[in-house]
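Reading the structure
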Amino acid sequence: MSQREEVIRRRVTTLVEAVGGPVAAYTDARHSLVAPDAVWWLTGLRASGPAVVLVSKEGSTELFVSPVDGRRAPVEAVADRVRVASGHPLAELHSVAGKPFPLVGAGRLTRATRHRLDAVWSDVEAVFQEVARGADEVHLAAFEAATAIAEQAYGELFGILRPGVREAEVVAAFDARLRELGSEDNFLFMSAALHNRAVHRPTERLLQPGDVLLAEISPSVDGVYTQLCRTVVLGDPPPELEKGYDLLEEAFQAGLKSCRPGVEARAITESLNEVVSAAGYGEYCHPPHMRVRGHGLGLGSVLPGDLHADNTVVLSPGDSFVLHPNQYLPGAGYLLYGEPLVITDDGHRVVTTRPAGLGYVPC
Amino acid sequence: MRHGRAGWNRSLLPIDELEVRRDQVLELLANHAADAIVLASNPNEPGPVSWLTTYESTTRWSLLLLDRAGHSILVAGLGGGRDHHHIRDVTAVRDVTFFREPGPGIVSQLAAWGLTGGRIATVGFDDLLPLSEADAIEGTLAASGWSSLALDEPYAALRRRPRQREQLLLVQAQRMLEAAVAASTAEWRAEPRAGGFGSFVVAIERRARAAGAHDVRALVGEGASGLVPWRGERWLTGRPSAYLVAAEYLGVWAEAGGNLPGVNSPDTSKARRLLEDALSGCVPGASLPPSLGSWADGVDAGVELRRHGRSIEEVGGGDKLIAGDVVFACAWVRGGDELFGMAVETVLVGTSGTRRLTEAIA
């Protein structure tokens, strides 16, 4: 048995034990940074169409896929049986089993999907989020691989950044490079301005001397996304930009000190905000000047969730997330600074090998 | 996840075009005695909201609220409006908000417009919103004196057929994608890179995005798996032989594809003949047939015809073709060696037959 299969079998067993009986997991195959995929996590199959896996109380798995996955699923999936559904896989499971099951992935259901079912399926997403939480060997390897890709591509980005190039052209080339390096998907916001209000998808805008380029770089490997948040200035950085960036770096370091097991996630935000507030920018520690101070990254679970002042989730070893004090500051504008990390038994480990630092492109 | 630029090309899609669309929706509301409409979209299917606003959400669903007097507000973004400055910059929307609880927010907004109950139309609530959100919003509306009426099909009918001026958008998108394919094919033929098929697809994606695409998606045809979403070399389970790429620009989709450069499948010419036979039947008055065959079910040959433009998930529909419809056709033949023969075409239906879209409209 390969390590991948061994880990996946272990995941299945853990879920059955937590639910206390048979359980089904559903995906609509719309993978993204913000929508973890239970079927992928439980079978290793990245479905192209809707799919559902039924886990028996003994831990055997039966995977129902749509025809588009009919050929791949038996090859890629770790499952005891694969069925190609003639209709919607969830409806087929319901038809075969004749009864509803506790369901993971209920958040992906739409009314159209629900209409295919004639009974209410209980939602066990919260249980699943806890079960799938924490980086196992497979998750960690993917997280590190995705981070390595992001770092390499970011290093190469400086070769294409110059005044006169459109934001969208930079992103097209950058994203293509990430794909070449092995990223199967990429949540990428990249935009520039003299004074940014936020980071967003690229536009027609031409890069100009003095621009501050913001990049949220989030490639994925085996369904696991990472995220690097970077700020690059074209030309000499004005003093207020350097000052603002230094402040975010200081805030990041303060937040990092709270990244250890047993600490509530809100403590990270509080530590970070204290630094920003002490510099006189407390009012900018709230929307719309920022959103959150980081967020979980995972294929199965995104716990500990969004890092904000109300998050009482207690950190535990294996939690993987990005810590990013990204925010707007008067004078400097919106700035990005963030690194992916993993909570360890005695603290944390930043997964990137090089600290962010303010990037410069000579003009 | 959308992959491409955000923006609104006002020269190709002027504000008066959006006003025409809005007026059509207001007429729809009047015809159904509705006081307002809530349209829902998500990143995979931004069409219902973007058709009226040019707004395409990146990560989360969005809503457009429009009342019978023409007032409108876009519900979008996360975290209290951080992104609203940008949204206003690249879309035709001036009024943008974020409701932590959409149901009460909508009721409150309607009240601000002087509407405190009546009939409200919905679009996209069945398949584009999460079940919990759709139920919560309609539940709140019902509790506040609003009866709901799903207008998905009448709204889709408004969008289904591009008017003559809208056909220009389709042509622009098609030319943009075909230029990306042509340049990537030439590059690949000149110097096949070590990345193999991956480098070819990635090159198309890169060029289409650089040229303006708001989103690009690619499928690969390989022996073992049929035609599946492209996700990288290491996911291949067979020898890739065909590709299909789709690019969205200003709310319309273009598609291109065929056999990979260098793949000499004897089935390619068979697929071309199959395609031409199918297109010969695309005349005014004919109904689009359902897909003949299946991509992944062991079928050796097939052809798919669908009305084209607003969505890559559009289906034929029951209504008959008329002159001015744009149809996408894809034919494939799979021989014993597991290589695909594939041919695709996007055509404009004319009074006496079809012409390639990019040649039919100057």
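Residues numbered from 1 in each chain as written. Chains lettered and ligands numbered in written order. Predicted model: local features only at pLDDT ≥ 70, side-chain atom pairs only at ≥ 80, totals over all residues. Heavy atoms only, no water.

Each partner contributes to the interface: chain A provides 50 residues, whereas chain B provides 53 residues. When chain A packs against chain B, the two sides together hide about 4,600 Å² of surface, and 52% of this comes from carbon and sulfur. On inspection of chain A and its partner chain B, the count reaches 6 salt bridges. For Glu204(A), the salt bridge goes to Arg5(B), with nearest N and O atoms at 2.4 Å. Linking chain A with chain B are 17 residue pairs in polar contact (both at pLDDT 80 or more). At 8 residues, helix α8 (residues 167-180) of chain A tops the list of elements feeding residues into the side of chain A that touches chain B. By residue class, the composition of the side of chain A that touches chain B is 22 nonpolar, 10 polar and 18 charged. (Contact = heavy atoms within 4.5 Å. Buried area = accessible area lost by both parts, 1.4 Å probe. Salt bridge = Lys/Arg side-chain N within 4 Å of Asp/Glu carboxyl O. Polar contact = N/O pair within 3.5 Å; in protein donor to acceptor, adjacent residues only side chain to side chain. Helix = DSSP H or I, 4+ residues; strand = E, 2+ residues; numbered from the N terminus. Nonpolar A, V, L, I, M, F, W, Y, C, P; charged D, E, K, R; others polar.)

Moving on: the sheet that holds strand β4 (residues 96-97) of chain B. All names here are of chain B. Strand order in the open sheet formed by 6 strands is β4-β3-β2-β1-β5-β6, and the pairing between neighbours is mixed. Looking along the sheet, the strands with just one partner apiece sit at the ends: β4 and β6 (146-150). In terms of strand pairing, strand β3 (residues 72-75) meets β4 through 2 bridges, oriented parallel. Bridge assignment links Val75 to a residue of β4, and that residue is Thr97. This element, helix α4 (residues 102-112), spans β1 (36-41), β2 (62-67), β3, β5 (118-123) and β6 of the sheet and lies at about 20 degrees to β2. (Pairing = 2+ DSSP bridges. Axes fitted to C-alpha atoms, helices over the stretch in contact; angles between N-to-C directions.)

Before going further, it helps to examine the packing of aromatic side chains. Considering all chains together, one arrives at 11 aromatic pairs over all chains under this definition. A centroid spacing of 5.3 Å and a plane angle of 90 degrees characterise the contact between Trp41(A) and Phe128(A), whose relative ring orientation is edge-to-face. Of this pair, Trp41(A) sits in helix α2 (residues 38-43) while Phe128(A) sits in helix α6 (residues 125-131); the two residues are 87 residues apart in sequence, bridging distant segments of the chain. This pair shows no difference in class: Trp41(A) is buried, exactly as Phe128(A) is. Taking the centre distance of 6.1 Å and the plane angle of 65 degrees together, the rings of Trp188(B) and Phe200(B) count as edge-to-face. Note that Trp188(B) is positioned in helix α7 (residues 164-190) and Phe200(B) in helix α8 (residues 197-211), a separation of 12 residues in sequence. Each member of the pair Trp188(B) and Phe200(B) is classed as buried. An aromatic cluster of three or more residues is present, and its members are Tyr245(A), Phe252(A) and Tyr337(A). Sitting above the plane of the Tyr154(A) ring, Arg230(A) keeps its charged end 5.5 Å from the centroid. (Phe/Tyr/Trp six-rings, centres within 6.5 Å; stacked < 30°, edge-to-face > 60°. Buried < 20%, exposed > 50% of the residue type's maximum accessible area, 1.4 Å probe, protein only. Lys NZ or Arg CZ within 6 Å of the ring centre and 35° of its normal.)

Quick look at the confidence of the model for chain B now. All names here are of chain B. This prediction gives chain B a mean pLDDT of 86; 89% of its residues lie at or above 70. When the criterion is pLDDT under 50, residues 293-299 qualifies, and its contacts beyond four places in sequence or with other chains add up to 19 contacts. Of the two predicted TM-score estimates for the complex, the pTM is 0.92 and the ipTM is 0.90. (pLDDT = per-residue confidence, 0-100.)

Moving on, we get to the pairing of strand β14 (residues 339-344) of chain A. Residues and elements named next belong to chain A. β14 sits mainly inside the fold: 5 of its 6 residues count as buried. Pairing of strand β11 (residues 320-323) with β14, which is carried by 4 bridges, proceeds in the antiparallel orientation. In the sheet register, Phe321 faces β14, and the bridge partner there is Leu341. Bridge count between β14 and strand β15 (residues 347-350): 4 bridges; the pairing is antiparallel. Looking across to β15, one finds that Val342 is bridged to Arg349. Between the end of β14 and the start of β15, which pair antiparallel, lie 2 residues.

A full pass over the atoms with the stated rule returns 8 cavities of 30 Å³ or more. Volume-wise, the largest cavity comes out at about 100 Å³. In terms of lining residues, the largest cavity is bounded by 14 residues, among which Val171(A), Leu188(A), Arg2(B), His3(B) and Gly4(B) are the most central. Within the residue set of the lining of the largest cavity, elements represented by two or more residues are α8 and β6 (185-193) of chain A. The greatest single-element share of the lining of the largest cavity, amounting to 4 residues, is contributed by β6(A). Class assignment of the residues belonging to the lining of the largest cavity gives a composition of 6 nonpolar, 4 polar and 4 charged. (1 Å grid on protein atoms, 1.4 Å probe; cavity = no way out; pocket = protein on both sides within 12 Å on 5 of 7 lines; lining within 4 Å. Points joined across faces, edges and corners; volume = space filled by probe spheres on them.)

Let us now look at the side chain of Ser62(B). All names here are of chain B. Looking at where Ser62 falls in the secondary structure, it is placed in strand β2. Since its relative accessible area comes to 1%, Ser62 is described here as buried. Excluding its chain neighbours within four sequence positions, the residues that come into contact with Ser62 are Leu39, Ala40, Ser41, Val49, Tyr55, Ser57, Val75 and Ala76.

Judged by nonpolar contacts, the single largest core of 100 residues is most densely connected at Leu63(A), Met190(A), Ile217(A), Phe321(A) and Leu323(A). Within the second largest apolar cluster, 40 residues are counted, among which are Val201(B), Val216(B), Val263(B) and Val326(B). (Core = buried A, V, L, I, M, F, W, Y, C linked by side-chain atoms within 4.5 Å.)

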